[in-house]
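So you can see what is in the structure, the chains are spelled out below.
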Amino acid sequence: DVKVTQSSRYLVKRTGEKVFLECVQDMDHENMFWYRQDPGLGLRLIYFSYDVKMKEKGDIPEGYSVSREKKERFSLILESASTNQTSMYLCASSRYSYEQYFGPGTRLTVT
Amino acid sequence: SQQGEEDPQALSIQEGENATMNCSYKTSINNLQWYRQNSGRGLVHLILIRSNEREKHSGRLRVTLDTSKKSSSLLITASRAADTASYFCARVQGAQKLVFGQGTRLTINP
C-alpha cells in the first residue's frame, strides 16, 4: 500500500514563527503536492513538485515556500506564520497524472 | 473558477438507500477522479474514469461520464453508515495537477 505520512496531526504556532510541515511518501512517486483545505473553499493547491529540486506554484503560493531535496520528502514552509494560515494542510503524491495519494493532514492553528 | 461544481452540497439519506452525487466542469478532460474524505482526514481515491469511458464500476460505486455535457455522477448503492463522508470530484489540469470541486457532504442515517 502507498503510504504518505505527515509529520504532525495537530500543530499550534504563534504569529511570526517559522513553521515546517514535512511530508514523506514511500512509493517512489514523481509528483508531490501541498494543499490547504478551508470550509467553503475546498482544496486549494499551494505548491507542487514533479521532481527533486523542482517546484511549481499552485493557486495560492503567497506566504509559503517548499523544499524537495529528496524524492520521497516534500516540505512546506511558512516563513512567518499568520492567523490567516490557520487551516488543514494536506500533502499528496502521485505518479504522472494518475490518482493522488493523500496523507492524513495537519491541522495548523496560528494564534 | 476552474473548479468543478458538485451537486448537491449536502445529502442526507437512510441506510440502504442509493446516493447520487453530480459533478460539472468547464474545460476538456483526460480523466476525472472521485475521492472520499472522512471527517478530519485525508482524501482517499475511489475511482478514475477516462474521457473515452462512459461508465465505470467499483464494488457499490458506479461512475458515469458525459463529456458532451461536461458532467459526471457518482452513485453509491445500498448505502451504509460507513459511507458517511465528503465526496469530491477532481479533474486533471496540465500534466499533473488536480482541480477539486467543493465536495458533497453525504450523511447516512441508521
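Every value quoted in this text rests on a predicted model; they were computed, and no experiment measured them.

### A word on the overall build of chain B
Moving on, step 1. Of the regular secondary structure elements, chain B holds 0 helices and 11 strands.
Moving on, step 2. Helices (α) and strands (β) of chain B occur, in sequence order from the N terminus, as β-β-β-β-β-β-β-β-β-β-β.
Moving on, step 3. Each principal axis of the C-alpha atoms in chain B carries an extent, and together these give about 40 × 30 × 20 Å.
Moving on, step 4. Relative to its full complement of 110 residues, chain B shows a buried share of 46%.
Moving on, step 5. A total accessible area of about 5,300 Å² is found for chain B, and carbon and sulfur atoms account for 43% of it.
Moving on, step 6. Counting 14 positive and 9 negative side-chain charges, chain B places the centres of these two groups 7 Å from one another.

### Comments concerning the layout of surface pockets
Moving on, step 1. Its boundaries defined by the atoms lining it, the largest pocket holds a volume of some 620 Å³.
Moving on, step 2. Listed by contribution, the elements that provide at least two residues to the lining of the largest pocket are β4 (31–38) and β9 (87–94) of chain A together with β9 (85–93) and β11 (104–109) of chain B.
Moving on, step 3. For the lining of the largest pocket, the element with the highest residue contribution is β9(B), accounting for 3 residues.
Moving on, step 4. Approximately 200 Å³ is the volume attributed to the second largest pocket.
Moving on, step 5. Along the walls of the second largest pocket sit 13 residues, with A:Phe102, A:Gly103, B:Gly42, B:Leu43 and B:Val44 positioned nearest its centre.
Moving on, step 6. Of all the elements in the fold, those that place two or more residues in the lining of the second largest pocket are β10 (100–102) of chain A together with β5 (43–50) of chain B.
Moving on, step 7. Classifying every residue of the lining of the second largest pocket gives 7 nonpolar, 4 polar and 2 charged.

### Structural notes on the packing of aromatic side chains
Moving on, step 1. A complete count under the given rule lists 8 aromatic pairs over all chains for this structure.
Moving on, step 2. These aromatic residues form a ring-pair network of at least three members: A:Phe33, A:Tyr35, A:Phe48, A:Phe102, B:Tyr35 and B:Phe100.
Moving on, step 3. Over the ring of A:Tyr10 we find A:Arg9, and its NZ or CZ is 5.5 Å from the ring centre.

### Some thoughts on the pattern of salt bridges
Two side chains of opposite charge can pair, provided their charged atoms sit close to one another.
Residues and elements named next belong to chain A.
Moving on, step 1. Overall, the coordinates contain 9 salt bridges over all chains when judged by the stated rule.
Moving on, step 2. When the shortest N-O distance is used, the salt bridge between aspartate 38 and arginine 44 registers 2.9 Å.
Moving on, step 3. In the salt-bridge network here, residues are joined through shared partners; they are Arg36, Asp38 and Arg44.

### What about the state of the cysteines?
Moving on, step 1. Scanning all chains against the criterion turns up 2 disulfides over all chains.
Moving on, step 2. Each disulfide pairs two cysteine sulfurs, and for A:Cys23 the partner residue is A:Cys91, the sulfurs being separated by 1.8 Å. An S-S torsion of about -75 degrees defines the bridge between A:Cys23 and A:Cys91 as left-handed. With a gap of 68 residues between them, A:Cys23 in strand β3 (residues 19–25) and A:Cys91 in strand β9 connect regions that are remote in the sequence. For the pair formed by A:Cys23 and A:Cys91, the shared burial category is buried.
Moving on, step 3. Across a sulfur-sulfur distance of 2.0 Å, B:Cys23 and B:Cys89 are joined as a disulfide pair. Residues B:Cys23 and B:Cys89 are joined through a disulfide that is right-handed, its torsion about the S-S bond being 70 degrees.

### Notes on the interface of chain A and chain B
Moving on, step 1. Taken residue by residue, the interface counts 24 residues in chain A and 20 residues in chain B.
Moving on, step 2. Between chain A and chain B, a total of about 1,700 Å² is buried, with carbon and sulfur atoms accounting for 53% of that surface.
Moving on, step 3. Linking chain A with chain B are 0 salt bridges.
Moving on, step 4. Across the chain A-chain B interface, the total number found is 5 residue pairs in polar contact (both at pLDDT 80 or more).
Moving on, step 5. Those elements giving two or more residues to the side of chain A that touches chain B turn out to be β4, β5 (42–49), β9 and β10 of chain A.

### Section: the confidence of the model for chain B
Moving on, step 1. Averaged over all residues, the pLDDT of chain B equals 91, while 95% of them reach at least 70.
Moving on, step 2. In the model of chain B, strand β1 (residues 5–7) of chain B stands out as the element of lowest mean pLDDT, 85, in contrast to strand β7 (residues 61–66) of chain B, which has the highest, 98.

### What to know about the nonpolar core
Generally speaking, a soluble globular protein has its nonpolar side chains buried in company with each other.
Moving on, step 1. If you look at the biggest cluster of nonpolar residues, it comprises 21 residues, and the most contacted ones within it are B:Leu32, B:Trp34, B:Leu74, B:Ile76, B:Tyr87 and B:Leu106.
Moving on, step 2. Elements with a contribution of two residues or more to this core: β3 (19–24), β4 (31–37), β5, β7, β8 (71–76), β9 and β11 of chain B.
Moving on, step 3. In this structure B:Leu106 touches B:Leu11, B:Ile13, B:Ala19, B:Met21, B:Ile76, B:Asp83, B:Thr84, B:Ala85 and B:Tyr87, once residues within four positions along its chain are discounted.
Moving on, step 4. Within the second largest apolar cluster, 20 residues are counted, among which are A:Val19, A:Cys23, A:Tyr64 and A:Val110.

The rules behind each value
Residues numbered from 1 in each chain as written. Chains lettered and ligands numbered in written order. Predicted model: local features only at pLDDT ≥ 70, side-chain atom pairs only at ≥ 80, totals over all residues. Heavy atoms only, no water. Helix = DSSP H or I, 4+ residues; strand = E, 2+ residues; numbered from the N terminus. Buried < 20%, exposed > 50% of the residue type's maximum accessible area, 1.4 Å probe, protein only. Areas by Shrake-Rupley, 256 points an atom, 1.4 Å probe, with all protein chains shown as cover. Lys, Arg positive; Asp, Glu negative; His and termini not counted. Charge placed at Lys NZ, Arg CZ, Asp CG, Glu CD. 1 Å grid on protein atoms, 1.4 Å probe; cavity = no way out; pocket = protein on both sides within 12 Å on 5 of 7 lines; lining within 4 Å. Points joined across faces, edges and corners; volume = space filled by probe spheres on them. Nonpolar A, V, L, I, M, F, W, Y, C, P; charged D, E, K, R; others polar. Phe/Tyr/Trp six-rings, centres within 6.5 Å; stacked < 30°, edge-to-face > 60°. Lys NZ or Arg CZ within 6 Å of the ring centre and 35° of its normal. Salt bridge = Lys/Arg side-chain N within 4 Å of Asp/Glu carboxyl O. Disulfide = S-S within 2.5 Å. Contact = heavy atoms within 4.5 Å. Buried area = accessible area lost by both parts, 1.4 Å probe. Polar contact = N/O pair within 3.5 Å; in protein donor to acceptor, adjacent residues only side chain to side chain. pLDDT = per-residue confidence, 0-100. Core = buried A, V, L, I, M, F, W, Y, C linked by side-chain atoms within 4.5 Å.

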